[in-house]
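Now for the letters of each chain:
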Amino acid sequence: MMADKPVYIPVATLQGFMRDVFLGLGVPPEDAAITAEVLITSDLWGIASHGVGRLKQYYDRIKGGLQHPVTQMRVLKETPTTAVIDGQLGMGQVVAHRSMRMAIDKARRYGMGAVAVRNSGHFGIAGYYPLMAVKEGMVGLTVTNARPSIAPTFGVQPKLGTNPIAFGAPSDEPHPFLYDAATSITQRGKIEVLDRAEEPTPAGWVIGADGTTATDSAQILRDLTTDSAALLPLGGAGEEMAGHKGYGLATMVEVLSASLQGGLFLSAVTDIDRQGRPQPLRIGHFFLAIDVEHCVPLAEFKKTTGDIMRELRASKRAPGCERIYTAGEKEYANEQRVRAEGVPANANLQKVIKTMQQELGLTRYDLGF
C-alpha cells in the first residue's frame, strides 16, 4: 500500500535502483551508472523535477523506441580545440558526459575546449556538466535547447525551450560557484512536480493563448503541447520587468545549441509529429571548458572567486532577510541534508516508481513503500 505522506528513500538505494532500471532497459553498465549519477545529483541538490521524478520519462522513451539505450556518438568534425558531435538519439546524459569530457581533455592541452552536439536527448540537470570541469580545476559552461515552451516577449506561442545556462567555477570554499538556471521564470519540470502534488502553478509563470495568466498545473501541461500556453521568460511578460532580457538569453542558448552544429531549433525541437504521434526528441547542446592554469595559477583563481562570493554574502541585507547566498551554496547544503535524510517521494511518485520496479522485477529493493 502506498503511503499518503512522503517516504524518504536512502540515496544509495535510490541510485542503485535507478541504475538497475536502466540496465533492465538495455543500457550498458557504465552508461547506466552515469545516467543514474546525473539523476541522483539532481535529487541531492533539491531539484525534484530532474531526479527520480524524471526517471519514468526516460523509461517510457526507451520502451517506446524513441531513444536508444546504447549510445553510439559520431564525431562529425574535430579540431584541436573544438568538435561537433551527433548523439544519434542516444542517452542524453551519456552524450553530454562524453562531450564535456572531450571539452575538458582539449582544454587541458590547449587552454580551451568547445563541443557542440546535435541529435541528443534530455540530459538531466545542466549544472552537472560544468561541475565536471570544476573538479578538473577548470571553468565550465553548458547550455542546451529543449522542447518549445517559452513565448517570445510580446508573444503567447511557445517557441523557445527553457534553454538553461549552467556555469561553474572553482573556489577555495567547500563548494564551487555553480549557477544553473532556465532562461524562463520556471521550467516544465517544476509544473510537473506541482501537478503530481496536485498544486496550482503560481500566477505570472505561464501565459495563456489569450494573454492572461494560467495556474491550473494539469491543464498547463496539456496546453503546452498544443501551443495554448507558454512559459514566460526571466523578467516576465513585456519589457517593464525586463522580460526581453530573459528572451534574449534564451535565444542566445538556442544559437549555441543549434546554429553551431546545424541541428534542429525552436518549433522543430519536439517529441510530437504533425499527426500528434510521439517521435524522437532531437536536442542540441553546447559545452565549454577553460583550463584556469592557462590564465592564472589555480590557487589564485580559487581565492579570487571565493573572495567574490564572500564579499557578496557579507554585503548589507534587506530588512527581514536573514542572509545572502551565492550560487551553489544552497545545493551544497541541500546535498548534506538529503544524504542524511534520503530522497522524498510523494504518493504519486511512489506509484510511478512501483510500476517500474514491478515491470522490471527489481523486487530486491526495499524502497519503503
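One can find the structure itself at the top, above this paragraph.
Residues numbered from 1 in each chain as written. Predicted model: local features only at pLDDT ≥ 70, side-chain atom pairs only at ≥ 80, totals over all residues. Heavy atoms only, no water.

1. Brief notes about the side chain of Thr 162
Okay, step 1: If you trace the backbone, Thr 162 turns up in the loop between strand S5 (138–144) and strand S6 (165–169).
Okay, step 2: Here Thr 162 falls in the buried class, since its relative accessible area comes to 13%.
Okay, step 3: Among all residues touching Thr 162, those that are not within four sequence positions of it are Ala 146, Arg 147, Ser 149, Ile 150, Ala 182, Thr 183, Ser 184, Thr 186, Gln 187, Arg 188 and Leu 231. (Helix = DSSP H or I, 4+ residues; strand = E, 2+ residues; numbered from the N terminus. Buried < 20%, exposed > 50% of the residue type's maximum accessible area, 1.4 Å probe, protein only. Contact = heavy atoms within 4.5 Å.)

2. Regarding the sheet that holds strand S10 (residues 229–231)
Okay, step 1: Strands sit in the order S9-S8-S10 across an open sheet of three strands; the sheet is antiparallel. The open sheet has two edge strands, strand S9 (213–214) and S10, and neither has a second partner.
Okay, step 2: Judged from the two bridges that link them, strand S8 (residues 206–208) and S9 form a sheet pairing that is antiparallel. If you follow Ile 207 over to S9, its bridge partner there is Thr 213.
Okay, step 3: Against the sheet, helix H7 (residues 217–224) touches S8, S9 and S10, its axis set at about 100 degrees to S10. (Pairing = 2+ DSSP bridges. Axes fitted to C-alpha atoms, helices over the stretch in contact; angles between N-to-C directions.)

3. Considerations on the environment of Gln 157
Okay, step 1: Note on placement: Gln 157 falls in the loop between S5 and S6.
Okay, step 2: On the accessibility criterion, Gln 157 (36% relative accessible area) is partly exposed.
Okay, step 3: A C-alpha to C-alpha distance of 8.6 Å links Gln 157 and Gly 208, two positions 51 residues apart in sequence.
Okay, step 4: Sequence-distant contacts of Gln 157, that is, excluding residues within four places in its chain, are made with Ile 150, Ala 151, Pro 152, Asp 227 and Ala 230.

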